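Chain residues, written in single-letter form:
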Amino acid sequence: MNLNNSDKLTTNIDLLDRDNAAGAPQGVEVPLQDSIAETSAFNLTDRLQIFTYLVNSNRIRWYRVIMRVFLQRHRELYRYQLTAQEVRDAVRAILDPDYTLEQCQNDLASLKEWGNITTIYDSSRATSIASFLSPALLYQATPEAIAIETFLDEQTRASTGK
């Protein structure tokens, strides 16, 4: 293959950019897949599980309300961790007065599986040895989920002119 000077320069710049981005010594070629973070919720090569709650379920309305509650509490009240009961009460007030704690826990489990929320054991409210040994869960939205909900909120505001 015959490359002119412009093509050689572009190829070398591309290699240097990729090498530097991957932290490799200059001039050492690094396979592209090694330079992509595998632990990111926004992986470039796989299905993005974190968006599942927006497109792939018959419970989209409930998931959207749950995630909106996390965003609202995060922004306005600086409350990052919520109990299942708090989430259930918010969904009851906004969308479904018959929403049960069991449905809420199932929805939260799905959101956790998709990477939208994490769980933390809450042993601070323990009033007995039994409740300390079996602490309640607190739920917290991941930074990626907050970013998605912030984007969706901004798009909604832009489209409604608010």
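Within each chain, residues carry numbers counting from 1 in the order of the written sequence. The model is predicted, so local features are restricted to residues of pLDDT at least 70 and side-chain atom pairs to those at 80 or more, both for listing and for counting; the totals for chains, interfaces and linings are taken over all residues. Just so you know, side-chain values use all the structure's heavy atoms and leave hydrogens and water out.

What follows concerns the pairing of strand β3 (residues 136–141). Here, a strand pair is defined by DSSP locating no fewer than two bridges between the strands. Secondary structure elements follow DSSP: runs of H or I no shorter than four residues count as helices, runs of E no shorter than two count as strands, and numbering proceeds from the N terminus. Where strand β1 (residues 81–82) lies against β3, two bridges are found, and the strand directions are antiparallel. Looking at β3, one finds that L82 is bridged to Y139. Note that strand β2 (residues 117–122) and β3 share six bridges and pair antiparallel. In the sheet register, T119 faces β3, and the bridge partner there is Y139.

Once that is clear, we can look at the packing of aromatic side chains. Only Phe, Tyr and Trp rings take part, Trp by its six-membered ring, and two of them pair if their centres are within 6.5 Å. Stacked means planes under 30 degrees apart, edge-to-face means over 60, and tilted covers everything else. Taken as a whole and assessed by the stated rule, the structure comprises one aromatic pair. Residues Y63 and W114 carry aromatic rings whose centres are separated by 5.2 Å and whose planes lie at 85° to one another, so their mutual orientation is edge-to-face. Placement of Y63 in helix α4 (residues 60–77) and of W114 in the loop between α6 (101–113) and β2 is noted, with a sequence separation of 51 residues between them. Any Lys NZ or Arg CZ that is within 6 Å of a ring centre and within 35 degrees of that ring's normal is treated as a charge sitting over the ring. Sitting over the face of the ring of W62, R59 holds its NZ or CZ atom 4.3 Å from the ring centroid.

Shape is all these values report; function is a separate question.
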